[in-house]
Amino acid sequence: MRHQQTLETSSFLSGIGLHSGNPASIAIHPAPINSGVVFVKHGADQIQSCPAGIPFLGQTDHCTTLQVGDFYIQTVEHVLSALAGFEIDNAYVELLGSEIPADDGSATPFLDMVHQSGILTQKEPRKYLKIVQPISVNDGQRSISVLPSALPQITYFIDFPHPLIQQQEYHHFCTPYEYGKNIAGARTFAFRKEIEFLWSRGLGLGGSLHNTVVFSDTGLVNDDGLRFSNECVRHKVLDLIGDLSLLGIPIIGHFFAKCAGHALHTQLVQAIIHNPDKWIMLNAGKTGKDSILNGKTSSTSTVQLPELQPAFHAL
Ligand SMILES: [Zn+2]
């Protein structure tokens, strides 16, 4: 039986936010069993907290945002992807600012934080949600489904009319080894002709060739080339893993995504929550499915935070 995992110590990362362009720093701290991943911020006289859960989902336009009251966190998907990809169940992610640092646009910097901290196995079994009947959502030609499967896996298909992308399909077995080797390093990508439009909407303001793969009409703007010939579809898998973690429990099923994005990814998480006859819980103990569902549909943050030494001084 697998056990829940957290980190042995805290680790830190500073940089700028991809969309806000503002300075952004985070510290990832260990957290007790059954905490899940919780974003926290030390204010002048209180700690604000926001669980990484679907009830706290904000807008999903080009990034995934979480929000409780006036506390919001932009671009959560890459750090959540790294934690889920490496099977970290419980962690506090403390912020200075309102966005996660972009760093190189991939999940590698967050995996490095996990490696620096070390992984601690905890004395509680890991819960799983196992899909027993298919669940699908779609938006015209875009779709995402999850089917029953003995092991968690993802098949992702994209189709962009660009000579360096075109049709790409990638199949990922969800293990930490595969994640670290094939997914974590895939970077955010954008098209040069769309960038000014993003700026006009207040997005991508921290974007640069250091944190984004930028495609011109026929080629690549970055001098250093692609990390993988199919880096784009791998990055979509990275994003999906982060968005799926908003369920708060690892899912055993086979995901099939076609030209999807953050909006459809998170709609599938909502469809899973609203179709409890199509899945079972493993290792849920006496609490069972109902209490877990209650926790996933309440939008009140009831996180009990233990003493957490602030990594950053209150602003
Ligand atoms: Zn992304």
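Preceding this section is the structure that the text describes.
Residues numbered from 1 in each chain as written. Predicted model: local features only at pLDDT ≥ 70, side-chain atom pairs only at ≥ 80, totals over all residues. Heavy atoms only, no water.

Draft legend 1. Local environment of the coordination of the zinc ion. Every protein donor of the zinc ion is accounted for by His 78 (NE2), His 235 (NE2), Asp 239 (OD) and Asp 239 (OD), and the metal-donor separations fall at 2.1 to 2.7 Å. Metal-centred angles of 52 to 148 degrees between the four donor atoms at the zinc ion mark the site as irregular. Mapped onto the sequence, the donors of the zinc ion take the spacing H-x156-H-x3-D. One end of the pair, His 235, and the other, Asp 239, are both in helix 5 (residues 231–244), four residues apart, so they sit about a helical turn from each other. As far as burial versus exposure is concerned, His 235 and Asp 239 are alike and both buried. (Donors = N, O, S within 2.8 Å, 3.2 Å for Na, K, Ca; no water. Tetrahedral: all angles 85-135°; square planar, octahedral: opposite > 155°, others 65-115°. Helix = DSSP H or I, 4+ residues; strand = E, 2+ residues; numbered from the N terminus. Buried < 20%, exposed > 50% of the residue type's maximum accessible area, 1.4 Å probe, protein only.)

Draft legend 2. Inspection of helix 5 at higher detail. Here helix 5 spans 20 Å end to end across 14 residues, near enough to the 20 Å set by a 1.5 Å rise per residue. Across the 14 residues that make up helix 5, a large majority, 14, are buried. (Expected span 1.5 Å × (residues − 1).)

Draft legend 3. Broad picture of the side chain of Arg 234. By secondary structure assignment, the location of Arg 234 is in helix 5. For Arg 234, which is buried and forms no salt bridge, the nearest opposite charge comes from Glu 178, at a distance of 7.5 Å. With residues near it in sequence (within four places) discarded, Arg 234 still touches Tyr 170, Asn 182, Ile 183, Ala 186 and Phe 228. (Lys, Arg positive; Asp, Glu negative; His and termini not counted. Salt bridge = Lys/Arg side-chain N within 4 Å of Asp/Glu carboxyl O. Contact = heavy atoms within 4.5 Å.)

Draft legend 4. Looking closely at the environment of Pro 148. Positionally, Pro 148 belongs in the loop between strand 12 (142–147) and strand 13 (153–160). Sequence separation between Pro 148 and Lys 130 is 18 residues, and the spatial gap between their C-alpha atoms is 7.5 Å. Excluding residues within four positions of it along the chain, Pro 148 makes contact with Ile 131, Val 132, Gln 133 and Pro 134.

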